[in-house]
Amino acid sequence: NALSSMMKSMQKELKRVKSAGGSQSLQEWESTVDAVKKLSEKTHMASVRGGWMHFSDNRGAAGAAGGVGIDILTTPVDKDAFYYGANFDFQVNDDLFGLMPGAAFNIDFGIEYAELGENEASGLTKAIGVLAGTNGGNLQQLVTVNQLRINVSPKIKLSGLTPIKGLRPWIIPVGIDINIISPPSDAVTVLNTGMQFGAGAEYDLLAGIVVGVDGRYHYTPDDVDGVDTDGFTLGGSVGFKF
């Protein structure tokens, strides 16, 4: 009799809790727990990058004139170079603004340095000597032909759309490039802007450590007064979530 009375009391209490909205309160509590877990996840990332860079055109002018006519400030160097730099990924949301669950929208901020040639002879003195009909030698100091690129791009990471856990392909539909060249162009211009398009993938190697590969194409509608900065990069990265 005592046990039966206890069961009846428990049933009455359960009905009272349900009628008071207890199940809804439980759902709200579970949603709060999920939100706290999501906030505790590390979604931003800082990474170091490096790899191969290829330009569409040579820097510097060649020919018997010693550089007269096009890009005389730089002697010819190879189209290929190695680059290194850093990236910062800042996650804005994890569902592409509610349009696609599992597709995280990020802002990608990057900077990379490439050196195309070291201790190259300047074409300026040679060009002046040819125009003057004399051979004054290379009076200019030797130069380092290099480039610094800064970019800001939207990046879409497809984190929930792959069967392999921890693997996230990503794409950059279009981003902004700022190219800084040295030596400057014939018009002494050192800066131009362009676009970049990219794709790649990243994988969670360890907790908070991510490795990745990427390829990007860089396009500039106009050259830097004779210096073409178009080309592509292929490389890898190691990132750290925070």
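Draft legend 1. The pattern of salt bridges, seen in detail. Considering all chains together, one arrives at 13 salt bridges under this definition. One salt bridge connects R216 with D108, and the closest N-O pair in it is separated by 3.5 Å. In this pair, R216 sits in strand 7 (residues 209-219) while D108 sits in strand 3 (residues 104-120), placing the two residues 108 residues apart along the sequence. By the burial criterion, R216 is buried, and D108 matches it. The partner of K157 in a salt bridge is E202, with the nearest N and O atoms 3.1 Å apart. In this pair, K157 is assigned in strand 4 (residues 143-157) and E202 in strand 6 (residues 191-206), connecting sequence segments 45 residues apart. Residue K157 is classed as buried on the basis of its relative accessible area, which comes to 5%.

Draft legend 2. The arrangement of the sheet that holds strand 7 in detail. Strand order in the closed barrel formed by 8 strands is 1-2-3-4-5-6-7-8, with antiparallel pairing between adjacent strands. Between one strand axis and the next, the sheet turns through 25° on average, direction left out of account.

Draft legend 3. Fine view of the packing of aromatic side chains. What the rule picks out here adds up to 5 aromatic pairs. When the centroid spacing of 5.6 Å and the interplanar angle of 55° are considered together, the rings of Y84 and Y113 count as tilted. Placement of the pair is Y84 in strand 2 (residues 80-93) and Y113 in strand 3, with a sequence separation of 29 residues. Taking the relative accessible area as the measure of exposure, Y113 reaches 21% and is therefore partly exposed. When the ring of F97 is compared with that of F105, the centres are 4.9 Å apart and the planes differ by 55°; the resulting orientation is tilted. Each member of the aromatic cluster is reached from another via a ring pair, and the members are F88, F90 and F242. The side chain of K155 reaches across the aromatic face of W170, ending 4.3 Å from its centre.

Draft legend 4. Spatial organisation of the nonpolar core. In this structure, M53, F55, V77, A81, Y83, A114, L116, V143 and V145 together form the largest nonpolar core, which totals 9 residues. The set of elements that each furnish at least two residues to this core consists of strand 1 (45-55), strand 2, strand 3 and strand 4.

Draft legend 5. Spatial organisation of the pairing of strand 7. When strand 6 meets strand 7, the two strands line up antiparallel, connected through 11 bridges. Pairing of Q196 across the sheet is with H218, part of strand 7. Bridging between strand 7 and strand 8 (residues 231-241) involves 10 bridges; their strand directions are antiparallel. By the bridge assignment, V213 is partnered in strand 8 with G236.

Draft legend 6. Broad picture of a nonpolar patch on the surface. Nonpolar side chains collect at one region of the surface, where F88, F90, V92, F97, L99, M100, I107, F109, V152, L161 and F242 lie side by side and expose about 1000 Å² of accessible area between them. Elements with a contribution of two residues or more to the nonpolar patch: strand 2 and strand 3. At 3 residues, the largest contribution of residues to the nonpolar patch is made by strand 2. Position of F109 relative to the elements: it lies in strand 3.

What counts as what
- The written sequence of each chain sets the order in which its residues are numbered from 1.
- Per-residue local features are limited, in this predicted model, to residues with pLDDT of at least 70; the limit for side-chain atom pairs, both in listing and counting, is 80 or more; totals at the level of whole chains, interfaces and linings are taken over all residues.
- Hydrogens and waters are ignored; side-chain quantities use all the structure's heavy atoms.
- Note on definitions: salt bridges are taken to be side-chain nitrogens of Lys or Arg within 4 Å of carboxyl oxygens of Asp or Glu.
- In this text, helices come from DSSP runs of H or I with a minimum length of four residues, and strands from runs of E with a minimum of two, each type numbered from the N-terminal end.
- Relative accessible area decides the class of each residue, using a 1.4 Å probe on protein chains only: under 20% of the type maximum gives buried, over 50% gives exposed, and in between gives partly exposed.
- In this analysis, strands are considered paired if DSSP registers two or more bridges between them.
- A fitted line through C-alpha atoms serves as each axis, taken over the contacting stretch for helices, and the angle formed by two N-to-C directions is quoted from 0 to 180°.
- Note on ring pairs: Phe, Tyr and Trp rings are taken, using the six-membered ring of Trp, and paired if centres are within 6.5 Å. Classes follow the plane angle, with under 30 degrees stacked, over 60 edge-to-face and the rest tilted.
- Charge-over-ring contacts are defined here by two conditions on Lys NZ or Arg CZ: a distance within 6 Å of the ring centre and an angle within 35 degrees of the ring normal.
- To form a nonpolar core, buried Ala, Val, Leu, Ile, Met, Phe, Trp, Tyr and Cys residues must be joined to one another through side-chain atoms within 4.5 Å.
- A patch consists of residues exposed above 30% relative accessible area that lack any salt bridge, with like charges linked at up to 9 Å and nonpolar side chains (Val, Leu, Ile, Met, Phe, Trp, Tyr) linked at up to 5 Å.
- Each accessible area value is a Shrake-Rupley result obtained with a 1.4 Å probe; residue values ignore everything except the protein chains displayed when judging cover.

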